[in-house]
Amino acid sequence: MRPMSSNATELRILTLPGGKSELDAMLRRLRLDAADLALLRGERAAMAQAVAATIADVAARGDAAIVEQARRFDDPEFSAGNIVVTRDEMAAGHARVGADLLAALRHSIRQVREYQRHILPGRTKALERPGFSAVHGFSPVDSAGLYFPGGKASYPSSLIMLAVPAEVAGVGRIVACTPPSRHFSDAVLAVAHELKLRELYRVGGVAAIAAMALGTETIAPVDKIVGPGNTYVQLAKRAVSGAVGVDGFLGPSEIVVVADESADPATVAADLLAQAEHDPGTCFLLTTSAAVARNVSAELAKQTQSLPRREAIERSLADFSVAVVCPDAGTLFDVANAIACEHVSLRVRDVEGAIGRLRHAGCVFVGEYSPVAAGDYVAGPSHCLPTNTTARFAGGVSVYEFLKRSSRVTYGPEGIAADAPHIAALARAEGLEAHARSAEMRVRR
């Protein structure tokens, strides 16, 4: 990434095709950040080695390793007795939360739960043939581990966005971990109390992933781990995959705004800034109009001046963000689909045409009155979404993340009589005589 500009709130503008090589370098960086970093050299390989060492330490020493990690990164006075967040602590935090915030937390929980119930899959209709039936069904995992960050800020919304889908899916045991920092807020405790969580732990980063995957004296292992986090957390999820299930790559926040001349530059800039303040946040403005790019850039400079996280925003805009002026709509959507972004805001006249061309996105926000922040808190879909181009093949966290698919097959005499010759022919072609006979003997009976 480039060094910070003299005017750090200016959005760098690339015009295609001339700026294609610089854009390609940005996209390659995003893909590399989502890659299996253990196979890469340099800084990322060192990160992977550090992750592996921490996981091995937690596997060997359990709670003692958690305490050591917490003292190193969060609280020098941390002890094993601080790992568990008690129900009394949750209730006390809940009592300290102001009425307005409590109402907002309940509103978020209610609407996320409503949406997740709405998309919950039901039992499929059985496929029937003479003497045969097959049906596809869903069942929840027995236990799920939820990780949400807490190092730079408090994120009660992320706990909602992870725990409510798990609850709606019917997960029997829900475990949540977040760093034991000063940002372990009353709002987080209030959400845990509202959701009646039984297991909330003060464990952060790689140690949390290792504990949920492998277990310690205090934390029993789970079946699947989901949640956002930095590169270390995502690497740790990759490392334990197989011992447990994991979701996709949910890294630092990002947005693509697709805008034409009909878009209000002020609200476009506001959505970009809302992601830039995540520190880091990656922001792309895609347009076919150089004037739109200039107007939005000017709005960014204007609005940034009054924002409390100005330094983080300037760093994100200078180092991780760009406006791309495309020669035509076809090129624009080729770029949008290559970015395959976590959040996509469509600010164009031809909404239906844009939706038809946009193939890859974690969540799409349509029109001037649909701020991405609504998805962060209250709209209903989880804000835990794929990043770093992984929306090409992955979706966000939902009830589906906590459900397993399985099929049930039932044969009767007529059905197996029809299929047995074909089973036997295929089995013998593969040199598997016992397979063939297991079907044929059912016809001779």
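All of these numbers come straight from a predicted model, not from anything done at the bench. (Residues numbered from 1 in each chain as written. Predicted model: local features only at pLDDT ≥ 70, side-chain atom pairs only at ≥ 80, totals over all residues. Heavy atoms only, no water.)

1. Concerning the overall build of the protein
Our working rule: By the criteria applied, helices consist of DSSP H or I runs no shorter than four residues and strands consist of E runs no shorter than two, each listed in order from the N terminus. Classification of residues uses two cut-offs on accessible area relative to the type maximum, computed with a 1.4 Å probe and protein chains only: under 20% is buried, over 50% is exposed, and between them is partly exposed. The criterion used for residue contact is that any of the two residues' heavy atoms lie within 4.5 Å. Note on areas: Shrake-Rupley with a 1.4 Å probe; residue coverage comes only from the protein chains shown.
Helix and strand counts for the protein come out as 17 helices and 15 strands. With the C-alpha coordinates aligned to their principal axes, the bounding extent of the protein is approximately 85 × 60 × 45 Å. Counting only residues that meet the buried cut, the protein has 50% of its 445 residues in that class. Across the protein, the fraction of contacts at a sequence separation of at least 24, relative to all contacts at a separation of at least 6, is 74%. Carbon and sulfur atoms form 53% of the exposed surface of the protein, whose accessible area is close to 20600 Å².

2. Regarding the confidence of the model for the protein
Low pLDDT means the predicted atomic positions in that stretch should not be read closely. Inclusion rule: Within a predicted model, pLDDT stands for the predictor's per-residue confidence, ranging from 0 to 100.
Within the protein, residue pLDDT values average 93, and 95% of them lie at 70 or more. Overall, residues 1–6 carries pLDDT values under 50, and its contacts beyond four positions in sequence, including any with other chains, amount to 15 contacts.

3. Overview of the environment of A420
Residue position: A420 is located in helix α16 (residues 413–429). Leaving out residues up to four positions away in the same chain, A420 has contacts with A439 and V443.

4. Structural notes on the pattern of salt bridges
A side chain with one charge may pair with a side chain of the opposite charge, provided their charged atoms come close. The line we're drawing: A carboxyl oxygen of Asp or Glu within 4 Å of a side-chain nitrogen of Lys or Arg is what we treat as a salt bridge.
This model, assessed by the stated rule, comprises 16 salt bridges. Where K237 meets D247, a salt bridge forms, and the shortest distance between an N and an O atom there is 2.6 Å. One end of the pair, K237, is in helix α9 (residues 231–240); the other, D247, is in the loop between β9 (245–246) and β10 (254–259), with ten residues separating them in the sequence. Like D247, K237 is buried. The network of salt bridges with common partners includes R428, E433, R437 and E440.

5. Focus: the packing of helix α10 (residues 265–276) against helix α11 (residues 290–304)
Here is the rule: Here, axes are lines fitted to C-alpha atoms. For helices the fit covers the stretch in contact, and angles between N-to-C directions go from 0 to 180 degrees. Take the far helix as your reference; a near helix turned counterclockwise from it by less than a right angle gives a left-handed crossing, and one turned clockwise gives a right-handed crossing. Polar here means any residue other than Ala, Val, Leu, Ile, Met, Phe, Trp, Tyr, Cys and Pro, which are nonpolar, and Asp, Glu, Lys and Arg, which are charged; Gly is therefore polar.
α11 packs onto α10 with a crossing angle of 60° between their chain directions and a minimal axis gap of 8 Å. At the point where α10 passes α11, the crossing takes the right-handed sense. Residue-level contacts link P265, A266, V268, A269, A270, L272 and L273 of α10 to N295, V296, E299, L300, Q303 and T304 of α11. Of the residues belonging to the contact of α10 with α11, the class tally is nine nonpolar, three polar and one charged.

6. Structural notes on the pairing of strand β6 (residues 173–178)
Applicable threshold: Only strands that DSSP links by at least two bridges are regarded as paired with each other.
Counted residue by residue, β6 has six buried out of six residues, so it is predominantly covered. Across five bridges, the pairing between strand β5 (residues 143–147) and β6 is parallel. Bridge assignment links G145 to a residue of β6, and that residue is V175. Inspection of the sheet shows β6 paired to strand β7 (residues 199–202) by four bridges, in the parallel sense. Bridge pairing links V175 to E199 in β7.

7. A few points about the nonpolar core
Applicable threshold: The term nonpolar core refers to a set of buried residues drawn from Ala, Val, Leu, Ile, Met, Phe, Trp, Tyr and Cys, joined through side-chain atoms within 4.5 Å.
Counting residues in each nonpolar core, the largest one holds 40 residues, and the members touching the most others are L146, L159, V171, L200 and F402. Every element with two or more residues in this core is listed here: α5 (99–119), β5, α6 (156–169), β6 and α7 (186–194). When residues in this core are grouped by element, the largest group, nine residues, is from α6. When near neighbours in sequence (up to four residues on either side) are disregarded, L146 contacts L162, A163, I174, V175, A176, C177, M212, V226 and F402.

8. Quick notes on the sheet that holds strand β1 (residues 13–15)
Sheet architecture is open: six strands sit in the order β1-β12-β11-β10-β13-β14, paired in parallel fashion. Edge strands, defined here as strands with exactly one partner in the open sheet, are β1 and β14 (361–366). Geometrically, the sheet is characterised by an average inter-axis angle of 20° between neighbouring strands, direction not taken into account. Across five bridges, the pairing between β10 and strand β13 (residues 341–347) is parallel. Bridge assignment links I255 to a residue of β13, and that residue is H343. Sitting on the sheet, α10 is in contact with β10, β11 (282–287) and β13, with an inclination near 170° to β10. Most of the contacts of helix α13 (residues 329–339) go to β11, to which it runs at about 160°, and overall it touches β10, β11 and β13.

9. Focus on the environment of Y377
Relative to the elements of secondary structure, Y377 occurs in helix α15 (residues 372–377). Among the residues examined, Y377 registers a relative accessible area of 47% and is labelled partly exposed.

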